[in-house]
Amino acid sequence: MRLDSKVAIVSGGARGIGAAVVRAFARSGAKVVICDILGERGEALAEELNRAADVARFRHLDATRLAEWDDVVHFTEKSFGKLTTLVNNAGVHGRLGLEETSETEWHRVMDADLTSAWLGMKACIPALRRAKGGAVVNTSSVYGLVASGKATAYHSAKGGVLMLSKAAAVQYASEGIRVNCIHPGLIDTPMTETLPPAWKESLLDMTPMRRFGEVDEVANCVVFLVSEEASFITGHR
């Protein structure tokens, strides 16, 4: 029960890495509010988890809208008490090169992948302060660290998530609020299922273990980062 007494918000929590994080948090003793635009999936996940104990709620969230974030924070505190944990996991892919990316596509990816993480922290940090401290994990990508020659907006947004996390980690360390950033590589999720086969094969060729990562492997890392075992870790990537 590494997360006993923790109360968490997980954006993009209805499927993929987000759903794995939600399940891992519940197994570890946390109460979780699952946030997503995928209502049926989110409701089903909350129902599944609540069969054993009252540990989860679903709340619709467009992570690019501050008013919806504020609503989620209010809902979470009303449902479970003080908010201690935030996982910014909502996002979309963007696979076009620089010249091929339209202005509309650029803003779509930047809003969903970068602005959403900023808004999540902007809305949740006052609640973490009310709880006398807490932990944030933002989901970037290996594409936030290295370039591929494609996916210009996605690389830019995920690189931005890294520096956003570092800036917040420095700003809030004195208040007992830790902010870390994860950079998943090739993980078996609904998003990677849509990769063109040749692109997928090239990524596997560059992966030292020559396999997809599993969502639970990422979730276990997130559990550690928000737990008291990581109490001296902040600004890490």
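Located above this text is the structure these notes cover.
Thresholds applied
Residues numbered from 1 in each chain as written. Predicted model: local features only at pLDDT ≥ 70, side-chain atom pairs only at ≥ 80, totals over all residues. Heavy atoms only, no water. Helix = DSSP H or I, 4+ residues; strand = E, 2+ residues; numbered from the N terminus. Rg over C-alpha atoms; globule rule 2.2 N^0.38 Å. Contact = heavy atoms within 4.5 Å. Areas by Shrake-Rupley, 256 points an atom, 1.4 Å probe, with all protein chains shown as cover. Lys, Arg positive; Asp, Glu negative; His and termini not counted. Charge placed at Lys NZ, Arg CZ, Asp CG, Glu CD. Phe/Tyr/Trp six-rings, centres within 6.5 Å; stacked < 30°, edge-to-face > 60°. Buried < 20%, exposed > 50% of the residue type's maximum accessible area, 1.4 Å probe, protein only. Expected span 1.5 Å × (residues − 1). Arc of directions from axis to C-beta. Patch = residues over 30% accessible without salt bridge, like charges linked within 9 Å, V, L, I, M, F, W, Y side chains within 5 Å. Salt bridge = Lys/Arg side-chain N within 4 Å of Asp/Glu carboxyl O. Axes fitted to C-alpha atoms, helices over the stretch in contact; angles between N-to-C directions. Parallel < 35°, antiparallel > 145°, perpendicular 65-115°, else oblique. Left-handed = near helix turned anticlockwise from the far one by under 90°. Nonpolar A, V, L, I, M, F, W, Y, C, P; charged D, E, K, R; others polar. Core = buried A, V, L, I, M, F, W, Y, C linked by side-chain atoms within 4.5 Å. Pairing = 2+ DSSP bridges. Right-handed = clockwise from strand over helix to strand, strands pointing away.

A. Structural detail: the overall build of the protein. Helix and strand content of the protein: eight helices and six strands. Ordered by position from the N terminus, the helices and strands of the protein form the series β-α-β-α-β-α-β-α-β-α-β-α-α-α. For 237 residues, the compact-globule estimate of 2.2 N^0.38 gives 18 Å, and the C-alpha radius of gyration of the protein, at 17 Å, lies within 12% of that figure. In terms of overall dimensions, the protein has C-alpha extents of about 45 × 40 × 35 Å along its principal axes. Intrachain contacts of the protein at a sequence separation of at least 6 include 70% that bridge at least 24 residues. Just so you have it, the protein exposes about 11,400 Å², and 55% of that area is on carbon and sulfur atoms. Within the protein, the 28 negative side-chain charges are centred at a point lying 5 Å from the centre of the 27 positive side-chain charges.

B. Representation of the packing of aromatic side chains. Scanning the model with the defined rule gives one aromatic pair in all. Summarising the aromatic geometry, the rings of Tyr143 and Tyr154 are spaced 6.2 Å apart at their centres and angled 70° between planes, so their arrangement reads as edge-to-face. With Tyr143 in the loop between strand 5 (134–139) and helix 5 (152–172) and Tyr154 in helix 5, the pair connects residues that are 11 residues apart, well separated along the chain. The same class applies to Tyr143 as to Tyr154, namely buried.

C. Up close: helix 8 (residues 215–226). Its 12 residues give helix 8 an end-to-end C-alpha distance of 17 Å, which sits within 8% of 16 Å, the value for a rise of 1.5 Å per residue. For helix 8, the complete set of buried residues consists of Val215, Val218, Ala219, Val222, Val223, Leu225 and Val226. Around the axis of helix 8, the buried residues are gathered within 165° of arc, so they sit on the same side. Here the buried face of helix 8 lies against helix 1 (16–27), strand 4 (85–88), strand 5 and strand 6 (177–182).

D. A negative patch on the surface, seen in detail. There is a patch of like negative charges on the surface, built from Asp188, Glu193, Glu214 and Asp216. On the secondary structure map, Glu214 appears in the loop between helix 7 (197–205) and helix 8.

E. Structural view of the environment of Ser102. Relative to the assigned elements, Ser102 resides in the loop between strand 4 and helix 4 (103–130). By relative accessible area, which is 36% here, Ser102 ends up partly exposed. Between the C-alpha atoms of Ser102 and Asp62, which are 40 residues apart in sequence, the distance is 22 Å.

F. Spotlight on the packing of helix 4 against helix 5. Relative to each other, helix 4 and helix 5 sit at 15°, their axes nearing to 8 Å. Considered as vectors, helix 4 and helix 5 are oriented roughly parallel to each other. Where helix 4 crosses over helix 5, the handedness of that crossing is right-handed. Mapping the contact onto sequence places Trp106, Val109, Met110, Asp113, Leu114, Ala117, Trp118, Met121, Ile125 and Arg129 in helix 4 and Thr152, Ala153, Tyr154, Ser156, Ala157, Lys158, Gly160, Val161, Leu164, Ala168 and Tyr172 in helix 5. Here the residues of the contact of helix 4 with helix 5 are counted per class, giving 15 nonpolar, three polar and three charged.

G. Quick peek at the nonpolar core. Core analysis: the biggest nonpolar cluster contains 44 residues, and Ile9, Val33, Trp69, Leu86, Met121 and Cys124 have the highest contact counts within it. Broken down by secondary-structure element, the contributors of at least two residues to this core are strand 1 (7–11), strand 2 (31–36), helix 3 (66–80), helix 4, helix 5, strand 6 and helix 7. Dropping the residues within four chain positions of it, Trp69 is found in contact with Ile9, Ser11, Leu61, Ala63, Leu86, Asn88, Ser116, Leu119, Gly120, Ala123 and Cys124. Core analysis: the next-biggest nonpolar cluster, separate from the first, contains 32 residues, Val22, Phe25, Val222 and Leu225 among them.

H. Molecular detail of the pairing of strand 4. Side-chain alternation along strand 4 places Thr85 and Val87 on one buried face and Leu86 and Asn88 on a second face that is also buried. Judged from the four bridges that link them, strand 4 and strand 5 form a sheet pairing that is parallel. Across the sheet, Asn88 pairs through a bridge with Asn138, a residue of strand 5. For the crossover that starts at strand 4, traverses helix 4 and ends in the parallel strand 5, the hand is right-handed.

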